[in-house]
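If you want the building blocks of each chain, they are given just below.
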Amino acid sequence: MKSESAPFRLEDYRPPAFTIDRVDLDFRLSPSATRVTARLSIRPNTADAASGRLELVGDEILLKGLKLDGLPLPASRFTALPSSLSVRDVPNTPFELEIETEIDPSANTKLMGLYRTNGNYCTQCEAEGFRRITYFLDRPDVLAVYTTRIEAEKADAPILLGNGNPGESGDIPGTTRHYAIWHDPFPKPSYLFALVAGDLGVLTDRFTTRSGKPVELRIYCEHGKEARCTYAMDALKRSMKWDEDVFGLEYDLDIFIIVAVSDFNMGAMENKGLNIFNDKYVLADPDTASDIDYANVEGVIAHEYFHNWTGNRITCRDWFQLCLKEGLTVFRDQEFSSDMRSRPVKRIADVRTLQARQFPEDGGPLAHPVRPEIYHEISNFYTPTVYEKGAEVVRMLRTILGAEGFRRGMDLYFERHDGDAATIEDFLACFSETTGSDLAQFKLWYSQAGTPQIVAKGHYDEASRSYRLTLAQNVPPTPGQPVKKSMHIPVRFGLIGPNGEDLDFSTVSGGKVEGDVIHMTEPAQTFVFHEVAARPVPSLMRAFSAPVRLAIDLSSDDLLFQVRADKDPFNRWQAAQTLAMRALVAGTSDAAQGRHVQVDPTLVSALAEILEDETLEPAFRAQVLQIPGESDIAREIGQDVDPDAIATARRQLRLGVTRGLGARLADRYRAFDDHRLYSPDAADAGRRALRNVLLDLMVASGAADAIAAARHQFETADNMTDRLAALSAVSASALAERRHMLEAFYERYQGDALVLDKWLMLEATVPALETLDRVKTLLVHPAFALSNPNRVRALVGGFSSSNPTQFNRADGAGFDFLADFVLDLDRRNPQTAARLLIAFRSWRALEPVRRGLAEAQLRRIAASDRLSPDTQDIVTRTLA
Ligand code: B3K
Ligand code: ZN
C-alpha cells in the first residue's frame, strides 16, 4: 500500500502511445493459483510509440512468462513488478505480446479483479480491476475485441461464463476439467471484461428484439433461489422493450446474462453481455423483499441493461468522463421507473435521495464537480454527485431543449459515437448541433461544484396587474473553487391564482421565458409578468427542475394554499415539507433550550387534508406524511448542529402531528387493511406505504393500542413490507417491545443473509444509548461477516449513516468506534472502508464539542502509516 501519490488531472489526458485491438485470454482456474495467459495484439497509436517502450499496469500480479511475437523475451528487455510491466525496444509495427500471470483468487479480499464468492469465481474490473488479472493498458480508451477461454474443474465449476456469445466448449480428455470459449465481437475497454465460473442455478427466458432478433436471457443465482429471480427477469424484459420504445435502442448479442453473487462491493456491474449483480438487487419474493427492494431490483436491472448503450457501445474516454455513462444511465433508469410506476412519486423519491446524499456531499469537504478534474483514487468518485447530480444535469438538458430536441441530440450521439470512447464535449456537441443551442453556459453544470442557491421574491402590483419576480443565484465556494460563475438554471414555474388554476399572462420582460420555463442566466434577474389577473402564489422549480436550493418568502398560508392547489404534485409535496421543516428548525432551537416544541396547526391541517384526499394516489399521500428526517433537518440548520436537539424536536413534532390527526390515523390505517393478495405493483405498494406511514405515526405516540396494532401486523403480515414496517416503527421508537420483536424476526429469518441485513440495520439504528454496545456485540454474531460488504454496510453503515444521535454521541464513542472499524477493514477491503468513512463528511457542521471529537478521530486515521490509497484520499479531503 502506498501513501501519497501524484494525482491524475483531466488536463493531462494524452491518448495511449500503443493500443490493443485484440485480446485472447486463457484462464486455467484454480482457487489459489489461477494461471492467466493473455495474447495481446498491440500496435503503435501515437508518435510516443517511437520510444519503443511499452508500459503496462498491474496490481499484485506475478509474471510467469512473456513472449513477443512468439519468442520468449530475455530478462534484459523488460522489468516486471507487481504493479507494472515495462517492455523495451518493442517494434514500431503491430506485434503480439503473450503474458502469463498467476493470481490467487482466494486471497483476494478487495473484491476487485478475480475473486471467490460462495465457492464460485467472479470478477469485478471497473474501474481498475483488470490490472489485477493481467498486465494491461487498463484505461477506458483502449478498446479491443475479446475472446476468453475458461478452464476449470468440472465438479467445482460446471458453469463457465464470459462476455459476448458462447462458442466451443467441452471436456479436456484425460482430466476432470472442462472448458468453454466466449467471443465478444464488440470492442470494449478492459473494465467491461467479466468471467464467472461455479456451481449455480439458473432461470431462463427469451426476448425478441423489435427487428426480430431472438435473445436468450439467463439469470444465475445460488441453487434453490431461482424462483426469487422471476421479478428481475420480468424487469429485464420490460427494460429491453422500453429502451426500444423510448430511445430506439436494441440489444446486440445473442445472449444476455445476469449473475447474482453475495460478496460484491457495490450494486451491480454492466459487463458486456454478462452483468454481475449484488444478489440483493436480483432476488425478490414477497416474504423476503420489501416493496422498496422490488423497486430497487427493477431500477438496478434497468440501469445495468441501459448501460449496454450508454457505457458499453459508447464508453468514456477517461475516468473524468464517468458521468457521461453514469449520470446519463441514472437519468434513463429514473425515466424507466417513472413510466413503470407513478411519475410524481418517483420524482419525489429521487429528489429525496438527491437531497439526502448529494446535497451534503456538495456542501462539504468532499464536494467535486459532476465531471471532476482531479483525482487520487477513482474508486472514490462513484459518488452521488457523478450519478445523481449527473442525472439531474441530463434532465435539465431535456427541460431546456424540450423532449423532441433532446431526443434528436440523443439519436445523433448514438449514431456518431457508437464504438467510441467519448467525452462530455462530444455529448454536448450533439445537442448544440441538432438544436442550434449554445450550451456554453449550461456546461458549467459539469465543472462547477456546489449546490446553487436561488433566492426568490415576488410582488404583485394591482394597479398595473403585473407580477414582478426577482431571482438571485449564488453558487457557494467549494474545495478548489472559491469563486463561481452564474449558471443557466431552468426554473419550471406557474403562477397559481386564487381559484387554484395557473394564471395567464400576456408578455414577460426581464429575461427569457419559454412556455413554463424561466431561463435564469444572470446573477440576479427581475422578470415582470404582464396582465396577470390577480395576486398569484408563485410555484417555482416545479418537478424540481434544477438541483438547487430555493429560498422563497412564502407565508404559511401561501404554503398551505400550495399544498392544496398546486397542479404540480412535486411542489405540493415540497410545500408540505417546507412547512414541516420550518417547524422542525424552530423546534430544534426550542428543544436545545429545554422548551417544548410548538406544532403549527397549519401544518396539521395540511397533512390532514392530504391524508383524507381520495383523489390523490396513496403513494403520494405517504410521501407527504413523511416529514423530513433528522439528517435533513441537520442539513437545513447547517452549523453548530446538535443531533440530540434535532431528534427531540422531530419526536415532539411527530407527536403533535399524531395528536392533531387524532382518530383519523387509526381509521385510515384500518380502512386500508383490506387483505388483498400481495402484489409488488406500484399501486399496491403505495397503499402499503400509506398505511405503514400511519402506523409509524401511531406507534410514535407510544399508545398501547398502537403498539398492539404494530405487533399484530408484525405477526400476521403475509409480506416483508408490512412485517418490516411494523418492526421498524417499534424499533425506531426505542420501545421496550422492540427487543422481543427483533428477536422474533431474527429467529424467523435466520439463515437468510439478505433478510438478516435488514435486522442488522434495524439493530444498528435503534436511537438508544445501548446501541453502540449492541453493534459491537453483533460484530461477532454469526449473522455478521467482515468479508461481506452487504453485512458491513447494514451494521456499521447503518449505525454511522442512519443513526444520527448514536453515531454523533456527545462522548465521541460513536466516532471512535467507526475509526477503529475503518482502520481494521481498510486492510481487507479498502473500497468498502473508504465508503464507510464518508459518514464523517459533515463533521464541520457539528456543534464544537462533537466537532472536536470527530476531528480527533479523523486525525487518528490520517496518522496511520498503512492506509490504502482509497482511505487515505477520503480522510485527507475530509480534513482539508
Ligand atoms: N458501473 C458500476 C460501478 C462500478 C464501481 C466501481 N468502483 C455500476 C453501475 O453504475 O452501473
Ligand atoms: Zn451505472
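Here is what the cut-offs are and how they apply
- Residues numbered from 1 in each chain as written.
- Chains lettered and ligands numbered in written order.
- Predicted model: local features only at pLDDT ≥ 70, side-chain atom pairs only at ≥ 80, totals over all residues.
- Heavy atoms only, no water.
- Helix = DSSP H or I, 4+ residues; strand = E, 2+ residues; numbered from the N terminus.
- Rg over C-alpha atoms; globule rule 2.2 N^0.38 Å.
- Buried < 20%, exposed > 50% of the residue type's maximum accessible area, 1.4 Å probe, protein only.
- Contact = heavy atoms within 4.5 Å.
- Areas by Shrake-Rupley, 256 points an atom, 1.4 Å probe, with all protein chains shown as cover.
- Lys, Arg positive; Asp, Glu negative; His and termini not counted.
- Charge placed at Lys NZ, Arg CZ, Asp CG, Glu CD.
- Pairing = 2+ DSSP bridges.
- Axes fitted to C-alpha atoms, helices over the stretch in contact; angles between N-to-C directions.
- Donors = N, O, S within 2.8 Å, 3.2 Å for Na, K, Ca; no water.
- Salt bridge = Lys/Arg side-chain N within 4 Å of Asp/Glu carboxyl O.
- Expected span 1.5 Å × (residues − 1).
- Near = heavy atom within 4 Å.
- Polar contact = N/O pair within 3.5 Å; in protein donor to acceptor, adjacent residues only side chain to side chain.
- Nonpolar A, V, L, I, M, F, W, Y, C, P; charged D, E, K, R; others polar.
- Core = buried A, V, L, I, M, F, W, Y, C linked by side-chain atoms within 4.5 Å.
- Domains from an automatic or database assignment.
- Buried area = accessible area lost by both parts, 1.4 Å probe.
- Parallel < 35°, antiparallel > 145°, perpendicular 65-115°, else oblique.
- Left-handed = near helix turned anticlockwise from the far one by under 90°.
- Phe/Tyr/Trp six-rings, centres within 6.5 Å; stacked < 30°, edge-to-face > 60°.
- Disulfide = S-S within 2.5 Å.

**Thoughts on the overall build of the protein chain**
Across its full length, the protein chain holds 26 helices and 33 strands. For 880 residues, the compact-globule formula gives about 29 Å, and the C-alpha radius of gyration of the protein chain, at 28 Å, lands near that figure. Counting only residues that meet the buried cut, the protein chain has 59% of its 880 residues in that class. Considering only intrachain contacts with a sequence separation of at least 6, the fraction spanning at least 24 residues in the protein chain is 71%. In the structure as shown, the protein chain presents an accessible area of about 32,700 Å², 51% of it carried by carbon and sulfur atoms. Distance between charge centroids for the protein chain: 1 Å, based on 101 positive and 124 negative side chains.

**Looking at the sheet that holds strand E27 (residues 489-496)**
One open sheet accounts for 4 strands, arranged E29-E30-E27-E32; its pairing is antiparallel. Pairing within the sheet leaves two strands with one partner each, and these edge strands are strand E29 (512-514) and strand E32 (537-540). Direction aside, neighbouring strands of the sheet carry axes that sit 35° apart on average. Looking at chain direction, E29 and strand E30 (residues 517-520) are connected through 3 bridges and run antiparallel. Bridge pairing in E30 links Glu 514 to Val 517. Its contacts with the sheet put helix H8 (residues 556-565) on E27 and E32, and the angle it makes with E32 is roughly 65°.

**Thoughts on the coordination of the zinc ion (ligand 2)**
At 1.9 to 2.1 Å from the zinc ion (ligand 2) lie its protein donor atoms, namely His 303 (NE2), His 307 (NE2) and Glu 326 (OE). Between the donor residues of the zinc ion (ligand 2), the gaps in sequence give the motif H-x3-H-x18-E. With His 303 in helix H2 (residues 291-306) and Glu 326 in helix H3 (residues 322-340), the pair connects residues that are 23 residues apart, well separated along the chain. Here His 303 falls in the buried class, since its relative accessible area comes to 7%.

**Focus: the pattern of salt bridges**
A complete count under the given rule lists 85 salt bridges for this structure. Residue Arg 654 is joined to Asp 696 by a salt bridge in which the shortest nitrogen-to-oxygen separation is 3.1 Å. Here Arg 654, found in helix H13 (residues 643-661), pairs with Asp 696, found in helix H15 (residues 682-700); they are 42 residues apart in sequence, far enough to count as distant. Taking the relative accessible area as the measure of exposure, Asp 696 reaches 24% and is therefore partly exposed. A salt bridge links Asp 757 to Arg 791; the shortest N-O distance between them is 2.5 Å. With Asp 757 in helix H19 (residues 753-765) and Arg 791 in helix H21 (residues 789-802), the pair connects residues that are 34 residues apart, well separated along the chain.

**As for helix H9 (residues 569-592)**
An ideal rise of 1.5 Å per residue puts 34 Å on 24 residues; H9 measures up with 34 Å between its terminal C-alpha atoms. Two residues or fewer after H9 comes Gly 594, characterised by a positive phi angle close to 75°.

**Quick look at the site of ligand 1**
With respect to spatial proximity, 14 residues lie near ligand 1, and among them Glu 126, Ala 268, Glu 270, Glu 304 and Tyr 387 are the closest. The contact in question runs from a nitrogen atom of ligand 1 to an N or O atom on the side chain of Lys 325, over 3.4 Å. In this structure, an oxygen atom belonging to ligand 1 sits 2.5 Å away from a side-chain N or O atom of Tyr 387. Expressed as a share of its isolated accessible area of 330 Å², the protein-covered part of ligand 1 is 94%. Breaking the shell around ligand 1 down by element, the ones donating at least two residues are strand E20 (268-269), H2 and H3. Looking at the shell around ligand 1 residue by residue, the classes come out as 6 nonpolar, 3 polar and 5 charged.

**Description of the nonpolar core**
Nonpolar side chains tend to gather and get buried jointly when the protein is soluble and globular. Counting residues in each nonpolar core, the largest one holds 167 residues, and the members touching the most others are Phe 427 and Leu 471. With 14 residues, the top contributor of residues to this core is helix H5 (residues 384-417). Beyond its immediate stretch of four places on either side in the chain, Phe 427 contacts Leu 324, Leu 328, Leu 397, Met 410, Tyr 413 and Tyr 446. Listed in part, the 113 residues of the second largest apolar core include Ala 583, Leu 584, Leu 665 and Ala 783.

**What to know about the domain arrangement of the protein chain**
Under the domain assignment, the protein chain is made up of domain 1 (315-447) and domain 2 (453-546). Of note, the centres of domain 1 and domain 2, computed from C-alpha atoms alone, are 24 Å apart. Summed over both sides, the interface between domain 1 and domain 2 buries roughly 1,400 Å², with carbon and sulfur atoms accounting for 64% of that surface. If you look at where domain 1 meets domain 2, you find 0 salt bridges. Of all the secondary-structure elements, those providing two or more residues to the side of domain 1 that touches domain 2 are helix H4 (343-362), H5 and helix H7 (444-447). Across the side of domain 1 that touches domain 2, the residue classes tally to 11 nonpolar, 5 polar and 3 charged.

**Re the packing of helix H17 (residues 720-732) against H19**
At a minimum axis separation of 11 Å, H17 and H19 run at an interaxial angle of 15°. Considering their axes alone, H17 and H19 lie roughly parallel with respect to each other. As H17 packs across H19, the resulting crossing turns out to be right-handed. Residue-level contacts link Met 720, Leu 724, Leu 727, Ser 728 and Ser 731 of H17 to Val 755, Lys 758 and Leu 762 of H19. Classifying every residue of the contact of H17 with H19 gives 5 nonpolar, 2 polar and 1 charged.

**Observations concerning the packing of aromatic side chains**
By the definition in use, this model includes 42 aromatic pairs. Summarising the aromatic geometry, the rings of Tyr 413 and Phe 414 are spaced 5.7 Å apart at their centres and angled 55° between planes, so their arrangement reads as tilted. Across the pair, Phe 414 and Tyr 413 agree in class, each one buried. Ring centres of Phe 493 and Phe 529 lie 5.4 Å apart, and the angle between their planes is 45°; this geometry places the pair in the tilted category.

**Notes on the packing of H15 against helix H16 (residues 704-716)**
Viewed as axis vectors pointing N to C, H15 and H16 meet at an angle of 140°, and their least axial separation amounts to 8 Å. Our classification of the angle between H15 and H16 gives oblique. Note that H15 runs across H16; the crossing there is left-handed. Residues Arg 691, Asn 692, Leu 695, Met 698 and Val 699 of H15 touch H16, and the partners they reach there are Ala 706, Ala 709, Ala 710 and Gln 713.

**Some details on the state of the cysteines**
Summed over all chains, the structure comprises 0 disulfides. Here Cys 125 is not cross-linked by a disulfide; its sulfur's nearest cysteine counterpart is in Cys 122, at 9.8 Å.

**Structural notes on the sheet that holds strand E15 (residues 177-188)**
Reading across from one edge, E6-E5-E9-E3-E2-E12-E15-E14 is the order of the 8 strands in this open sheet, with mixed pairing throughout. Strand pairing shows two members of the sheet lacking a second neighbour, strand E6 (71-72) and strand E14 (165-171), which therefore form its edges. Inspection of the sheet shows strand E2 (residues 18-28) paired to strand E3 (residues 34-44) by 10 bridges, in the antiparallel sense. Bridging across to E3, Asp 24 finds its partner in Arg 39.

**Brief notes about the side chain of Ser 545**
Turning to its location among the elements, Ser 545 is positioned in the loop between E32 and strand E33 (549-552). Classification of Ser 545 by relative accessible area gives buried; the value is 7%. For Ser 545, the side chain forms a polar contact with the main-chain oxygen of Pro 490, separated by 2.8 Å. Apart from residues lying up to four places away in sequence, Ser 545 is in contact with Met 396, Pro 490, Val 491 and Arg 492.

**A closer look at the environment of Ile 454**
With respect to the secondary-structure elements, Ile 454 resides in strand E25 (residues 453-461). Taking relative accessible area as the criterion, Ile 454 reaches 1% and is therefore assigned buried. Separated by 66 residues in sequence, Ile 454 and Met 520 have C-alpha atoms that sit 9.9 Å apart.

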